[in-house]
Amino acid sequence: MNPLSCLESKLVGVLDTQALREYQTWWETWGCALSDTVDRAGTPLIRMHNRWGERVDELIMPEGYSTLVQESYRHGSVSRVIEQNDLLNSFALGYITSFYDPGLYCPHTVSLSTAVPLHKYGSPELRERFLTPMLLKDGDAWQGATWMTEAGGGSDIGSYVRTVAVSCSDHYLLTGEKYFCSNVGAELAVVAARPMGAPEGIRGLALFLVPRYRGDGSLNYFMRRMKEKIATRSVPTGEVELKESEGYLLGSAEMGVYLILEVLNCSRVANSIGSAALAHSAISEAERFAAKRIAFGKPLISQPLMRAQFERWKQTQDELFALAWSSVELLQNVWQQKPPYSDQYHLFRLVTHLAKYWTAEKAVQAAKWSMEVHGGQGVLSEFGIERLLREAMILAIWEGGSHRQMLDALEVLQKRRTHELLLDWMAPNSSQAELQDWRERIEQYLLQPLEDQEAQIETLMPPLAQWVGKTLQGRYTIRTESIA
Ligand SMILES: Cc1cc2nc3c(=O)[nH]c(=O)nc-3n(C[C@H](O)[C@H](O)[C@H](O)COP(=O)(O)OP(=O)(O)OC[C@H]3O[C@@H](n4cnc5c(N)ncnc54)[C@H](O)[C@@H]3O)c2cc1C
């Protein structure tokens, strides 16, 4: 089943079918070949100086890359959200993108995660100057990026963000080094930095908008080197130096931590959509292969063991979609909120941590299983499965690895008792007995010493995430396909 058919079978009355069909057709006609070229080209080079010896920091990307990355903006992956309050079709575009190229969804995601805080917290002047060009649909849309991580580590940014921001009339000057910068080369980035004199730890961080070029047209940030990655080659990732770079504070410095988490949570929703789509793609590829491959006198797909596995994976695919799409729907409801947040926002956070964690874990397993279904062919690049496995490995790490998602979900349970919100929200799709069972299970869990709660978290989060996905399936129209 292609990605649009999957979306149409589950979501009724919300999709801009014409635009999505056009986008999917573009992928099948042009996008897949371009994406393959980009993956094979590997790590892009930086052309640091022009012939006059001036620093220019240009990325040398494979031909066609700009067309590949811009097509989603042309269909409104950012502008729909900002101009029409339509997250559903933006994430539906993301589902289609990720089905064909999960790494390419990264630039679209970080652009959205830049546009949203700019829209919510930027002054009218900032929005006019920087947001307007992000909404273009003519193939020249400005892109965004989200740079938090520094060399000490990405999970504990409160300890390791050393970039400082010094106030200078109507803006700030930022100095520091960012260690993992996806969509490097983007016209804009949102960057975590500590205003001079702000407290230590995560509460002292603020969010700044950093354009690629200064007001006088010179480079505002510098690319130090590119990261040679196993996958996601459709997004260039590098290291960046900020040298008294012009930055604009978004919101207030005191609220910075909340803005940073809003950025990350928006990207985590996209990561879970990307993971669900990747699992779908891996299962579809396995099905295609197993229908064609004959072993012991009949197609692999007709062998009892294979049939059983396919049935399980299709069930899992539906659960992953339900989990990921539920986080999209919750985000649609809360994305415009500012602190102090409503209960609905805290419910969104819990579901998003569960979705990011579980969909990414399962995407890796789906790709590995699909490789096994392909037998020896699975490890050959011409079958495309090894690429899916490489891409999946990254989905589980960026935007916060699986440990962090489980522990952050635990924190929302501990501090906000979000399980009560979750269980109320699940009630229309679940039996009273199941709800009561989970209520008691979580309450008991939270009575343990804090260290035990962390140590044992794998006894709680995987079954909880799976249950939520399985239960929420009922909210979407499921078309069950017969196997064989
Ligand atoms: C391809 C790629 C692109 C990226 N692009 C960007 C980007 O554009 N912007 C950006 O800001 N970052 C980016 N990152 C960084 C990414 O967000 C981090 O890799 C991620 O947050 C994890 O941080 P870390 O790699 O420093 O691992 P660490 O923080 O060092 O963590 C190592 C491991 O320990 C686990 N861990 C952490 N805390 C605990 C705990 N309390 N208990 C148990 N386990 C724990 C983590 O889950 C992880 O598995 C990118 C990463 C990759 C791989």
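Per-chain numbering applies: the sequence of each chain, read as written, is numbered from 1 onward. Only residues with pLDDT of at least 70 are given local features in this predicted model, and only at 80 or more are side-chain atom pairs given and counted; all residues enter the totals for whole chains, interfaces and linings. No hydrogens and no water enter the side-chain calculation; it runs on all heavy atoms of the structure.

### Here's the deal with the overall build of the protein chain
Secondary structure summary: the protein chain contains 17 helices and eleven strands in total. For this measure, only C-alpha atoms enter the radius of gyration; the expected value for a globule follows 2.2 Å times N^0.38, where N is the number of residues. Relative to a compact globule of 484 residues, whose C-alpha radius of gyration would be 23 Å, the protein chain shows 22 Å and is just as compact. The principal-axis extents of the C-alpha atoms in the protein chain amount to approximately 70 × 55 × 40 Å. Taken over 484 residues, the protein chain has a buried fraction of 59%. Note on contacts: a residue pair qualifies if any of its non-hydrogen atoms lie within 4.5 Å across the two residues. Look at the contacts in the protein chain between residues 6 or more apart in sequence, and 75% of them connect residues 24 or more apart. Note on areas: Shrake-Rupley with a 1.4 Å probe; residue coverage comes only from the protein chains shown. Of the roughly 20,100 Å² of accessible surface on the protein chain, 51% is carried by carbon and sulfur atoms. In the protein chain, 48 positive and 58 negative side-chain charges are present, and the distance between their average locations comes to 3 Å. Numbering of helices and strands starts at the N terminus; helices are DSSP runs of H or I of at least 4 residues and strands are runs of E of at least 2. Buried means the residue's accessible area, taken with a 1.4 Å probe over protein chains only, is under 20% of the maximum for its type, while exposed means over 50%, and partly exposed covers the values in between. Positive residues here are Lys and Arg, negative ones are Asp and Glu, while His and the chain termini are left out of the count. Charged groups are reduced to one reference atom each: NZ for lysine, CZ for arginine, CG for aspartic acid, CD for glutamic acid.

### Concerning the packing of helix α10 (residues 304–334) against helix α11 (residues 343–373)
Running from N to C, α10 and α11 cross one another at 150 degrees; their axes reach a closest spacing of 9 Å. One element, α10, and the other, α11, form an angle in the roughly antiparallel class. Note that α10 runs across α11; the crossing there is left-handed. Considering only residue class, the contact of α10 with α11 consists of 19 nonpolar, nine polar and one charged. Each axis is a line fitted through C-alpha atoms, taken for helices only over the stretch in contact, and angles between the N-to-C directions span 0 to 180 degrees. Working definition: roughly parallel below 35 degrees, roughly antiparallel above 145 degrees, roughly perpendicular at 65 to 115 degrees, and oblique for all remaining angles. Crossing handedness is read from the near helix: turned anticlockwise from the far helix by less than a right angle, it gives a left-handed crossing, and turned clockwise, a right-handed one. Ten residue types, Ala, Val, Leu, Ile, Met, Phe, Trp, Tyr, Cys and Pro, are classed as nonpolar, four, Asp, Glu, Lys and Arg, as charged, and the remainder, Gly among them, as polar.

### As for the domain arrangement of the protein chain
The domain boundaries here were taken from an automatic or database domain assignment. Assigned domains within the protein chain: domain 1 (3–135), domain 2 (146–254) and domain 3 (257–475). One C-alpha centre belongs to domain 2, the other to domain 3, and the line joining them spans 30 Å. Summed over both partners, the accessible area lost on bringing two parts together, with a 1.4 Å probe, is the buried area. Of the roughly 1,400 Å² buried at the junction of domain 2 and domain 3 (both faces included), carbon and sulfur atoms supply 70%. A pair is scored as a salt bridge if a Lys or Arg side-chain nitrogen falls within 4 Å of a carboxyl oxygen belonging to Asp or Glu. Scanning the region where domain 2 abuts domain 3 turns up zero salt bridges. Any pair of nitrogen or oxygen atoms within 3.5 Å is treated as a polar contact; in protein, a donor-acceptor pairing is required on top of that, and neighbouring residues in sequence qualify only through side-chain atoms on both sides. Taken together, the links from domain 2 to domain 3 amount to two residue pairs in polar contact (both at pLDDT 80 or more). Taken together, the elements giving at least two residues each to the side of domain 2 that touches domain 3 come down to β6 (188–195) and β7 (206–211). Here the residues of the side of domain 2 that touches domain 3 are counted per class, giving twelve nonpolar, six polar and two charged.

### Let's talk about the packing of α11 against helix α17 (residues 461–472)
Describing two packed helices takes the angle between their axes plus the distance from one axis to the other. Running from N to C, α11 and α17 point in directions that differ by 100 degrees, and their axes come no closer than 10 Å. Here α11 is positioned roughly perpendicular relative to α17, judged by the angle of their axes. In this structure, α11 contributes Leu354, Tyr357 and Trp358 to the contact, and α17 contributes Met461, Pro462, Leu464, Ala465, Gln466 and Val468. Here the residues of the contact of α11 with α17 are counted per class, giving eight nonpolar, one polar and no charged.

### A closer look at the pairing of strand β9 (residues 237–249)
Summarising burial for β9: ten of the 13 residues are buried, a large majority. Taken together, the eight bridges between strand β5 (residues 171–182) and β9 define a ladder with antiparallel strand orientation. Residue pairing for β9: Lys178 is matched across the bridge by Val240. At least two bridges found by DSSP between two strands is the condition for calling them paired. Sheet topology places strand β8 (residues 221–226) next to β9; five bridges connect them, and they run antiparallel. Along β9, the bridge assignment pairs Met223 with Val240.

### What about the site of the ligand?
Here a residue is considered near a molecule or strand provided that any single heavy atom belonging to it is located within 4 Å of it. Not every one of the 21 residues close to the ligand is listed here, only the nearest: Thr146, Thr149, Gly154, Ser155 and Ser182. The backbone of Thr146 places a nitrogen or oxygen atom 2.8 Å from a nitrogen atom of the ligand. In this structure, an oxygen atom belonging to the ligand sits 2.8 Å away from a main-chain N or O atom of Met148. Computed on the free molecule, the ligand has an accessible area of 960 Å², of which 68% lies beneath the protein chains in the complex. If you list the elements that add at least two residues to the shell around the ligand, you get β3 (146–147), β5 and α13 (402–416). Of the residues in the shell around the ligand, the class split is eight nonpolar, ten polar and three charged.

### With respect to the environment of Cys168
As for its position among the elements, Cys168 is in strand β4 (residues 164–168). Between the C-alpha atom of Cys168 and that of Gly247, which follows or precedes it by 79 residues, the distance is 9.7 Å.

### Considering the side chain of Glu239
As for its placement among the helices and strands, Glu239 is situated in strand β9. Polar contacts involving the side chain of Glu239 include one to the side chain of Arg225, which spans 2.8 Å. Those residues within four positions of Glu239 in sequence are excluded, and the remaining contacts are Lys178, Tyr179, Phe222, Met223, Arg224, Arg225 and Lys227.

### With respect to the nonpolar core
Counting residues in each nonpolar core, the largest one holds 137 residues, and the members touching the most others are Leu7, Phe91, Trp325 and Met461. Leaving out residues up to four positions away in the same chain, Leu7 has contacts with Leu15, Ala92, Tyr95, Ile96, Phe321 and Trp325. Ala186, Ala206, Met223 and Ala253 belong to the second largest nonpolar core, which has 21 residues in total. Nonpolar core, defined: a set of buried Ala, Val, Leu, Ile, Met, Phe, Trp, Tyr and Cys residues in which side-chain atoms within 4.5 Å join the residues together.

### Considering unusual backbone geometry
Cis geometry is found at the peptide bond from Pro339 to Pro340, where omega equals 0 degrees. Although it is not a glycine, Phe296 adopts a positive phi angle of roughly 50 degrees. The residue Phe296 is located in the loop between β10 (294–295) and β11 (298–299) in this model. Non-glycine residue Arg417 carries a positive phi angle of around 50 degrees. With respect to the helices and strands, the residue Arg417 is situated in the loop between α13 and α14 (418–426). For Arg417, a relative accessible area of 34% gives the class partly exposed.

### Details of the pairing of β7
Counting buried positions along β7 gives six out of six residues, so the element sits mostly inside the fold. Burial of the side chains of β7 extends over both faces: Ala206, Phe208 and Val210 are buried on one face and Leu207, Leu209 and Pro211 on the other. Pairing of β6 with β7 involves six bridges; the strand directions are antiparallel. For Leu188, the partnering residue across the bridge sits in β7 and is Pro211. Inspection of the sheet shows β7 paired to β9 by two bridges, in the antiparallel sense. Bridging across to β9, Leu209 finds its partner in Tyr248.

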